[in-house]
Amino acid sequence: MDTNDSLRVASLWHSMHAISQQLSPVAGCSGIELLEADTFDLHCFQSLTGTKFFVICEPGTQQMESLLKVIYELYTDYVLKNPFYEMEMPIRCELFDINLTQAIQKDRVALLGR
């Protein structure tokens, strides 16, 4: 998925998320957190500032909420503290990328037991 595809998905998700908050019969609903499809699950975590993080995984994959929180912690540690990062722009931070890859590999090993 290239940058333009990522921006399209994020734009579409933002709209669906906002609409779901308004249409939800549950008071205080924070929007869609999980989209289940036949071939994938899309999990979403929204920070208090409104920044959304996504994980696309195989259907039924467990513990994605905890992975999303780890990703958010990495974002706050390596991206938000980077003086060259501009808000609302694609993330281009080598330390974030390295630590994100390690977190995903660690989570994958924990899930698969390998």
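Residues numbered from 1 in each chain as written. Predicted model: local features only at pLDDT ≥ 70, side-chain atom pairs only at ≥ 80, totals over all residues. Heavy atoms only, no water.

Chemist: Talk me through the overall build of the protein chain; I want residue IDs and the actual numbers.
Modeler: Assigned secondary structure in the protein chain consists of three helices and three strands. For the protein chain, the spread of C-alpha atoms along the principal axes amounts to about 40 × 40 × 25 Å. Among the 114 residues that make up the protein chain, the fraction classed as buried is 26%. In the protein chain, 27% of the contacts between residues at least 6 apart in sequence involve partners at least 24 apart. Of the roughly 8300 Å² of accessible surface on the protein chain, 56% is carried by carbon and sulfur atoms. Taken as two groups, the 8 positive and 15 negative side-chain charges of the protein chain have centres that lie 4 Å from each other. (Helix = DSSP H or I, 4+ residues; strand = E, 2+ residues; numbered from the N terminus. Buried < 20%, exposed > 50% of the residue type's maximum accessible area, 1.4 Å probe, protein only. Contact = heavy atoms within 4.5 Å. Areas by Shrake-Rupley, 256 points an atom, 1.4 Å probe, with all protein chains shown as cover. Lys, Arg positive; Asp, Glu negative; His and termini not counted. Charge placed at Lys NZ, Arg CZ, Asp CG, Glu CD.)

Chemist: Give a detailed account of the pattern of salt bridges, specifying residues and quantitative values.
Modeler: For the structure on display, the rule yields two salt bridges. With its nearest N and O atoms 2.5 Å apart, the salt bridge here joins Asp5 to Arg8. In this pair, Asp5 and Arg8 are both assigned in helix α1 (residues 3-23), three residues apart and thus about one turn of the helix distant. Ionic pairing is found between Asp77 and Lys81, a salt bridge with its closest N-O pair at 3.5 Å. (Salt bridge = Lys/Arg side-chain N within 4 Å of Asp/Glu carboxyl O.)

Chemist: Any chance you could break down a nonpolar patch on the surface for me, citing the residues and the numbers?
Modeler: Taken together, the side chains of Met1, Val9 and Ile56 define a hydrophobic patch exposed on the protein surface, amounting to about 310 Å² of accessible area. Note on Met1: relative accessible area 69%, which makes it exposed. (Patch = residues over 30% accessible without salt bridge, like charges linked within 9 Å, V, L, I, M, F, W, Y side chains within 5 Å.)

Chemist: An account of the domain arrangement of the protein chain is needed here, citing residue identities and associated values.
Modeler: According to the domain assignment, the protein chain contains domain 1 (1-32) and domain 2 (33-113). Centre-to-centre, using C-alpha coordinates, domain 1 lies 16 Å away from domain 2. With eight residues of domain 1 in contact, the opposing surface of domain 2 contributes ten residues. Taken together, both faces of the contact between domain 1 and domain 2 bury some 800 Å²; the carbon and sulfur share is 67%. Taken as a group, Trp13, His17 and Ile32 account for 53% of the area that domain 1 buries against domain 2, more than any other trio of residues on that side. Linking domain 1 to domain 2 there are four residue pairs in polar contact (both at pLDDT 80 or more). Tallied by class, the residues present in the side of domain 1 that touches domain 2 amount to three nonpolar, five polar and no charged. (Domains from an automatic or database assignment. Buried area = accessible area lost by both parts, 1.4 Å probe. Polar contact = N/O pair within 3.5 Å; in protein donor to acceptor, adjacent residues only side chain to side chain. Nonpolar A, V, L, I, M, F, W, Y, C, P; charged D, E, K, R; others polar.)

Chemist: A description of the sheet that holds strand β3 (residues 52-57) should follow, citing residues and the corresponding values.
Modeler: Here we have three strands laid out as an open sheet, ordered β1-β2-β3, and antiparallel in their pairing. Looking along the sheet, the strands with just one partner apiece sit at the ends: β1 (34-36) and β3. Within this sheet the neighbouring strands show an average axis-to-axis angle of 15°, counted without direction. Direction of pairing for β1 relative to strand β2 (residues 41-46): antiparallel, over a ladder of three bridges. From the neighbouring strand, Glu36 faces β2, where its bridge partner is Asp41. Packed on one face of the sheet, α1 meets β1, β2 and β3 and runs near 110° to β3. Taken strand by strand, helix α2 (residues 64-79) contacts β2 and β3, and its axis lies near 135° from that of β3. (Pairing = 2+ DSSP bridges. Axes fitted to C-alpha atoms, helices over the stretch in contact; angles between N-to-C directions.)

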